[in-house]
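Tertiary structure, described
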Amino acid sequence: DVIRTRAFWAMPACIFLSSYFWYFLLTWVPTYLTSSRGFSTIEMGRVLSTPLFAMAVANIAAGWVADRLVRRVGSVFRVRLWFCAAGYVGSGAVLLLLVLQDRAAVLPVLLAAVCATGIGNANFWAISQHAAPSHLVGRVIGYLNTISQLAGAAAPLITGWILGPEKQFGIALAIAGVSAPLAAGCLIYTGAGGLERMRNALDMRR
C-alpha cells in the first residue's frame, strides 16, 4: 500500500533533486565565481555569504507565515507543500546567471535563489515529519536524509566530470538550476492528498 502511493516515489525524488542543487551551490559555486565571473577570493566570500545570512532570516520569516496559514487553512500538507514548491521554483532563478553577464547581477540572483532554497528545504523537512506517523519518523527522516546525501555526493562528482579541464560552467549550471524546479514538480504531482494517503498507509504498520 505504501509503495503504491505517489508520495513514496515523489518525496525521495524531490529531496534528491533539491539537494543536488544545494550541494552544487556549496561545492562548485565558489569556483564558478572566481574562475568564470572573475571575483577575488575575498569578493567571492562576500557574494556567497550574504545570501546565506539572508536565507537564515528568510527561513524564520517564511516559517512564521506558514505556521499562521496552517492555523487559518487547517491543512498542514497543503500550506507547506505550496511553500516548498514555490521555494524550489524560486531556486531556479540561478539560471539567470546563464544570460546575465554583468557581475553586478550575481549577488541579487544568488540572494533570490538561496533564500528560495532555504524556504523550500525548511518546508520539505516539515512535510516529511508530518507525513510519517510518530513511530516511524526516525526511519523516514533517516531514509530521506540518506537520499539527500547521495545527491550531495553526486553533485560535485557530476559537475567535475562535466566541467573538465576547461571549466565551462554553462551545462553544469543549467542542470543544477533545473533540478530544483523539477523537485517542485514532484511535490505538485503528489499533492496534499497523496501525502495524506502515504501517511495513512504508513500508519497501518503499527
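Above this text is the structure in question.
What comes next is a walk through the structure. (Residues numbered from 1 in each chain as written. Predicted model: local features only at pLDDT ≥ 70, side-chain atom pairs only at ≥ 80, totals over all residues. Heavy atoms only, no water.)

Some points on the packing of helix α3 (residues 41–73) against helix α4 (residues 76–91)
Convention followed: Between N-to-C directions, angles cover 0 to 180 degrees, with each direction set by a line fitted to C-alpha atoms, over the stretch in contact for helices. Counting from the N terminus, the helices are DSSP H or I runs at least four residues long and the strands are E runs at least two residues long. In this scheme, a crossing is called left-handed if the near helix is turned counterclockwise away from the far one by less than a right angle; it is called right-handed if the turn is clockwise. Contacts: residue pairs with any heavy atoms within 4.5 Å of one another.
Relative orientation of the contacting elements α3 and α4 amounts to 150°, with a least axis distance of 8 Å. Our pair here, α3 against α4, has a crossing hand that is right-handed. The segment α3 lies against α4, with Ala62, Val65, Ala66, Asp67, Leu69, Val70 and Val73 engaging Val76, Arg78, Val79, Arg80 and Phe83.

Describing the environment of Gly193
Looking at where Gly193 falls in the secondary structure, it is placed in helix α7 (residues 170–203). Spatially, the C-alpha atom of Gly193 lies 9.7 Å from that of Arg6, the residues being 187 residues apart in sequence.

Considerations on the pattern of salt bridges
For clarity, the cut-off: For this document, the term salt bridge refers to a Lys or Arg side-chain nitrogen within 4 Å of an Asp or Glu carboxyl oxygen. With a 1.4 Å probe rolled over the protein chains alone, any residue whose accessible area is under 20% of its type maximum counts as buried; one over 50% counts as exposed, and the rest are partly exposed.
By the definition in use, this model includes two salt bridges. With a shortest N-O distance of 3.7 Å, Arg103 and Glu43 are connected by a salt bridge. Within this pair, whereas Arg103 is found in the loop between α4 and α5 (106–131), its partner Glu43 is found in helix α3, the two being separated by 60 residues in sequence. With relative accessibility at 35%, the residue Arg103 sits in the partly exposed group. Two residues, Asp67 and Arg80, come together in a salt bridge whose shortest N-O distance is 2.6 Å. Linking Asp67 in helix α3 with Arg80 in helix α4, this pair joins segments that are 13 residues apart in sequence.

A short note on the packing of aromatic side chains
So the rule is basically this: Any two of the Phe, Tyr and Trp rings considered here, Trp counted by its six-membered ring, make a pair once their centres fall within 6.5 Å; the pair's planes then place it as stacked at under 30 degrees, edge-to-face at over 60, or tilted in between.
As enumerated under the stated definition, the model contains four aromatic pairs in all. Ring centres 6.1 Å apart and planes at 65° place the aromatic pair Trp28 and Phe169 in the edge-to-face group. Placement of the pair is Trp28 in the loop between α1 (6–27) and α2 (29–35) and Phe169 in the loop between α6 (137–163) and α7, with a sequence separation of 141 residues. The two residues Trp28 and Phe169 agree in class, both being buried. Between Tyr32 and Phe169, the ring centres sit 5.2 Å apart and the planes meet at 70°, which makes this aromatic pair edge-to-face. Taken together, the residues span a long stretch of sequence, with Tyr32 in helix α2 and Phe169 in the loop between α6 and α7 at a distance of 137 residues. For the pair shown, Tyr32 and Phe169 are each scored as buried.

Re the nonpolar core
Formally: Here the nonpolar core consists of buried residues drawn from Ala, Val, Leu, Ile, Met, Phe, Trp, Tyr and Cys, with membership extended through side-chain atoms lying within 4.5 Å.
Residues Met11, Phe24, Leu33, Tyr88, Leu97, Leu110 and Phe124 are the most contacted members of the largest nonpolar core, which totals 59 residues. Looking at this core, the elements that each hand over two or more residues are α1, α2, α3, α4, α5, α6 and α7. Broken down by element, the residue count for this core peaks at 13 residues, all from α7. Ignoring sequence-local partners within four residues, the contact set of Phe24 consists of Val29, Ala155, Thr159, Ala172, Leu173 and Ala176. Of all hydrophobic cores here, the second largest spans five residues; its members include Ala62, Ala66, Val79 and Phe83.

Considering a nonpolar patch on the surface
Heads up, the condition is: Exposure above 30% relative accessible area and no salt bridge define the residues that can form patches, which grow by joining like charges within 9 Å and nonpolar side chains of Val, Leu, Ile, Met, Phe, Trp and Tyr within 5 Å. Accessible surface area values rest on a Shrake-Rupley calculation with a 1.4 Å probe, where residue burial reflects the displayed protein chains alone.
On the surface, Leu96, Leu98, Val99 and Leu100 cluster together to form a nonpolar patch covering roughly 330 Å² of accessible area. Its location among the elements puts Leu96 in the loop between α4 and α5. In this structure Leu96 comes out as partly exposed when scored by relative accessible area, which is 42%.

Overview of the side chain of Ser19
To be explicit about the condition: Polar contact criterion, stated in full: a pair of N or O atoms within 3.5 Å, where within protein one must be able to donate a hydrogen and the other to accept it, and residues adjacent in sequence count only if both atoms are side-chain atoms.
Within the secondary structure layout, Ser19 lies in helix α1. Looking at Ser19, its side chain comes within polar contact range of the main-chain oxygen of Ile15, at 2.7 Å. Leave out the neighbours within four places in its chain, and Ser19 touches Ser148 and Ala151.

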